[in-house]
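Fold and contact review
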Amino acid sequence: MKIAIYPGSFDPITLGHLDIVRRAAGIFDKLIICVMVNAEKNPMFNLEERLAMVKKVTAKFENVEADTADMLLVEYAKSKGANVIVKGLRVISDYERECQMALMNKRINPYCDTLFIPATEQHTYLSSSIVKEMAKYGADLGEFVPREIVADILDKY
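This text gives an overview of the structure that appears in the document. (Residues numbered from 1 in each chain as written. Predicted model: local features only at pLDDT ≥ 70, side-chain atom pairs only at ≥ 80, totals over all residues. Heavy atoms only, no water.)

Quick look at the overall build of the chain now. The helix and strand tally for the chain stands at six helices and five strands. For the chain, the N- to C-terminal ordering of α and β elements is β-α-β-α-β-α-β-α-β-α-α. Its C-alpha radius of gyration of 15 Å places the chain within 12% of the 15 Å reference for a compact globule of 157 residues. With respect to the three principal axes, the spread of C-alpha positions in the chain is 45 × 30 × 30 Å. A buried classification covers 45% of the 157 residues belonging to the chain. Just so you have it, the chain exposes about 8,800 Å², and 53% of that area is on carbon and sulfur atoms. The average position of the 20 basic charges and that of the 22 acidic charges among the side chains of the chain differ by 3 Å. (Helix = DSSP H or I, 4+ residues; strand = E, 2+ residues; numbered from the N terminus. Rg over C-alpha atoms; globule rule 2.2 N^0.38 Å. Buried < 20%, exposed > 50% of the residue type's maximum accessible area, 1.4 Å probe, protein only. Areas by Shrake-Rupley, 256 points an atom, 1.4 Å probe, with all protein chains shown as cover. Lys, Arg positive; Asp, Glu negative; His and termini not counted. Charge placed at Lys NZ, Arg CZ, Asp CG, Glu CD.)

Mapped onto the secondary structure, aspartate 113 falls in strand S5 (residues 113-118). For aspartate 113, a relative accessible area of 40% corresponds to the partly exposed category. Separated by 28 residues in sequence, aspartate 113 and isoleucine 85 have C-alpha atoms that sit 6.2 Å apart. Here the side chain of aspartate 113 touches lysine 106 through a polar contact of 2.8 Å, side chain to side chain. (Polar contact = N/O pair within 3.5 Å; in protein donor to acceptor, adjacent residues only side chain to side chain.)

Once that is clear, we can look at the environment of alanine 139. Secondary-structure assignment places alanine 139 in the loop between helix H5 (128-136) and helix H6 (150-155). Once residues lying within four places of it in the same chain are set aside, the contact partners of alanine 139 are Met134 and Leu154. (Contact = heavy atoms within 4.5 Å.)

Another aspect to go through is the packing of aromatic side chains. Scanning all chains against the criterion turns up three aromatic pairs. With 5.3 Å between their ring centres and 80° between their planes, tyrosine 6 and phenylalanine 10 make a pair best called edge-to-face. With respect to class, tyrosine 6 is no different from phenylalanine 10; both count as buried. Taking the centre distance of 5.6 Å and the plane angle of 65° together, the rings of tyrosine 95 and phenylalanine 116 count as edge-to-face. Here tyrosine 95 is found in helix H4 (residues 92-108), whereas its partner phenylalanine 116 is found in strand S5, with 21 residues between them in sequence. (Phe/Tyr/Trp six-rings, centres within 6.5 Å; stacked < 30°, edge-to-face > 60°.)

One open sheet holds the five strands; their spatial order is S3-S2-S1-S4-S5, and the pairing between them is parallel. Each having just a single partner strand, strand S3 (64-69) and S5 make up the two edges of the open sheet. For this sheet, the mean inter-axis angle between neighbouring strands, taken without regard to orientation, is 30°. Note that strand S1 (residues 3-8) and strand S2 (residues 30-36) share six bridges and pair parallel. In the strand pairing of S2, isoleucine 3 is matched with lysine 30. Across the sheet, helix H1 (residues 15-25) is in contact with S1, S2, S3, strand S4 (84-89) and S5; its angle to S5 comes to roughly 120°. Against the sheet, H4 makes contact with S4 and S5, and its axis sits at roughly 165° relative to S5, the strand it touches most. (Pairing = 2+ DSSP bridges. Axes fitted to C-alpha atoms, helices over the stretch in contact; angles between N-to-C directions.)

Right, dumping it as structure tokens:
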């Protein structure tokens, strides 16, 4: 069974993230979305809230599950029997940062590879930060995040 991990802070999960989930779920037998803590970010939602939103919007995928981890990503992948990390790329600056991480992960665990999936054109500009900024001003979020979580996001403001 081919198992992959799709890590991220998902604060909140966007339609761009969901597109990567859909595409990766079509490639692997099992895809685990791992909601992680990023020390460089100040999240709007706590870990449990982010995990609940991810579970809510991915329930329709039979081979997708959501989890959290507080360990090195490659160690988490190894503990789940996964040997692939899925990363979505929006712009070239994402590639530079993610390539660096992929090389470090490969150094730590030589059996773990990273698969880069480029964002579709309609999601290239989309980020959780942009969604949070729009929510702050009461903008319609329906085109940017799954409709199931729009209220969760707006309730934070």
